[in-house]
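# Topology and contacts: notes
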Amino acid sequence: TMIHTKARHTIYPNSTVGRLPVPDDKVPWKVEWPEYSPVKYTSDHVKAGPVWADPDIMQKGSPSLNFNSKDGKVNRRSYIGDYGCVDGVPRNPCGRTGMMERGLLGKWGPNHAADPIVTRWKRDSSGKKVLHPTSGKPILQFISIRRKDSGEWAIPGGMVDAGEKVSQALKREFGEEAMNSLSLQDKECKAVEKAVANLFKHGVEVYRGYVDDPRNTDNAWMETMAVNFHDDQGTSVAKFSLHAGDDAAAVQWHDVGSEMKLYASHSSFIEMVTKRVGAHW
Ligand code: RP5
Ligand code: MG
Ligand code: MG
């Protein structure tokens, strides 16, 4: 597993709450730190108990949740194996974050997401692939959204709903964030769904596991499955008109390279895609 850094960023997103600073060498739970006393935080939004949030298991008498298993419609299994629980509360498998409880996350333990990475080759006006001047390798582009919450560019991913398949979440989130399907009329919406379904027929999984997300805590964390949909000939995605929607403020084709600054660990997922298709990084 990776060493998380964004999950230790001092100021917790959408709040003025500061995490307890955790030095690199104190991240692993196996390193003893008896006086470790993380800041407690659960956002008001999560405390209000929206449908996607778990009950507060710290409260006496709250129903118990089936961790490390499929719990009704909710998948509480981790992609990286069984996680430990301390006093009935899941413990982040990547180590300390300086914050306990759930912060902005709804679920205790893993919060499952899906990340669709839609790519094409950068081409010049005559349709020829553009090569990077230094590496000599063709430059890849991916459909990127700017997140409303942090303002950072990101993959148009989102949470897997209870009972939803990851393959479905990939299409739904792409439609919502990059094609604004939520504000389309019925007919247009059907057309978008069809186009997305077509494009998403041939995906290649590039990653499944932990995400170094700034919302993670000691007791709640993001995990994702990232899938690449590559339009090698530049024929299928080219027809798409992109419109930002839902929690995306903007959408665009983004040139891929190691200098990119993206949300959470998204640039590492994109790097995996460049390896797969032989693109410049
Ligand atoms: C990241 O948060 C995942 O990689 C995914 O892109 C995203 C899901 O959360 P929301 O976009 O729904 O906030 O950890
Ligand atoms: Mg979304
Ligand atoms: Mg999203």
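Keep in mind that what you see is a predicted model, and the values were worked out from it rather than measured.

Per the counting criterion, the structure on display carries 8 aromatic pairs. Both rings, one in Phe67 and one in Tyr83, keep their centres 6.3 Å apart while their planes meet at 70°; by these two values the pair is edge-to-face. Taken together, the residues span a long stretch of sequence, with Phe67 in the loop between α1 (44-47) and β2 (70-71) and Tyr83 in the loop between β3 (74-75) and β4 (85-86) at a distance of 16 residues. Look at Tyr83 and you get buried, because its relative accessible area is 5%.

Right, let's talk about the nonpolar core for a bit. By size, the foremost hydrophobic cluster in this structure holds 57 residues, and its most contacted members are Ile117, Val118, Phe142, Ile143, Phe174, Phe200 and Ile270. The leading source of residues in this core is strand β12 (residues 220-231), at 7 residues. Ile117 has contacts with Phe142, Ile155, Val206, Ala226, Val227, Asn228, Phe229, Phe269, Ile270 and Val273, leaving out every residue within four places of it along the chain.

Around ligand 1 sit Ala113, Asp115, Arg147, Gly157, Gly158, Met159, Val211, Asp213, Arg215, Met222, Tyr263 and His266, and that is every residue in its neighbourhood. Between Asp115 and ligand 1, the recorded distance is 2.5 Å, taken from a side-chain N or O atom to an oxygen atom. Between His266 and ligand 1, the recorded distance is 2.8 Å, taken from a side-chain N or O atom to an oxygen atom. Considered on its own, ligand 1 offers 360 Å² of accessible surface; in the complex 94% of this is hidden by protein. Of all the elements in the fold, those that place two or more residues in the shell around ligand 1 are β7 (109-121) and β10 (158-159). Classifying every residue of the shell around ligand 1 by side-chain character gives 5 nonpolar, 3 polar and 4 charged.

This brings us to the coordination of the magnesium ion (ligand 2). Ideal values for angles at a metal depend on the geometry: 109.5 degrees with four tetrahedral donors, 90 or 180 degrees with six octahedral donors. Binding of the magnesium ion (ligand 2) to the protein goes through Glu173 (OE) and Glu177 (OE), at separations of 2.1 to 2.3 Å. Separating the magnesium ion (ligand 2) and the magnesium ion (ligand 3) is a distance of 3.4 Å, and Glu177 donates to both of them. You can see Glu173 and its partner Glu177 sitting in helix α2 (residues 166-178), 4 residues apart, about one turn around the helix. Glu177 sits in the buried class, given a relative accessible area of 2%.

Relative to the assigned elements, Arg102 resides in strand β6 (residues 99-103). Here Asp54 takes part through its backbone oxygen, which lies 2.8 Å from a polar atom of the side chain of Arg102.

Throughout the structure, instances matching the rule amount to 0 disulfides. Here Cys85 stays free of any disulfide, with the sulfur of Cys94 as its closest cysteine sulfur at 15 Å.

Evaluation of the coordinates by the stated rule reveals 12 salt bridges. The salt bridge involving Lys122 is made with Asp255; its shortest N-O contact spans 2.5 Å. With Lys122 in the loop between β7 and β8 (140-147) and Asp255 in strand β13 (residues 248-255), the pair connects residues that are 133 residues apart, well separated along the chain. On the basis of relative accessible area, Lys122 is assigned to the partly exposed category, the value being 24%. For Glu176, the salt bridge goes to Arg172, with nearest N and O atoms at 3.2 Å. Of this pair, Glu176 and Arg172 both sit in helix α2, separated by 4 residues, roughly a single helical turn. Judged on exposure class, the residue Glu176 and its partner Arg172 are both buried. Members of the salt-bridge network, linked through shared partners, are Asp161, Glu164, Arg172, Glu173 and Glu176.

Calculation criteria
Residues numbered from 1 in each chain as written. Chains lettered and ligands numbered in written order. Predicted model: local features only at pLDDT ≥ 70, side-chain atom pairs only at ≥ 80, totals over all residues. Heavy atoms only, no water. Phe/Tyr/Trp six-rings, centres within 6.5 Å; stacked < 30°, edge-to-face > 60°. Helix = DSSP H or I, 4+ residues; strand = E, 2+ residues; numbered from the N terminus. Buried < 20%, exposed > 50% of the residue type's maximum accessible area, 1.4 Å probe, protein only. Core = buried A, V, L, I, M, F, W, Y, C linked by side-chain atoms within 4.5 Å. Contact = heavy atoms within 4.5 Å. Near = heavy atom within 4 Å. Polar contact = N/O pair within 3.5 Å; in protein donor to acceptor, adjacent residues only side chain to side chain. Areas by Shrake-Rupley, 256 points an atom, 1.4 Å probe, with all protein chains shown as cover. Nonpolar A, V, L, I, M, F, W, Y, C, P; charged D, E, K, R; others polar. Donors = N, O, S within 2.8 Å, 3.2 Å for Na, K, Ca; no water. Disulfide = S-S within 2.5 Å. Salt bridge = Lys/Arg side-chain N within 4 Å of Asp/Glu carboxyl O.

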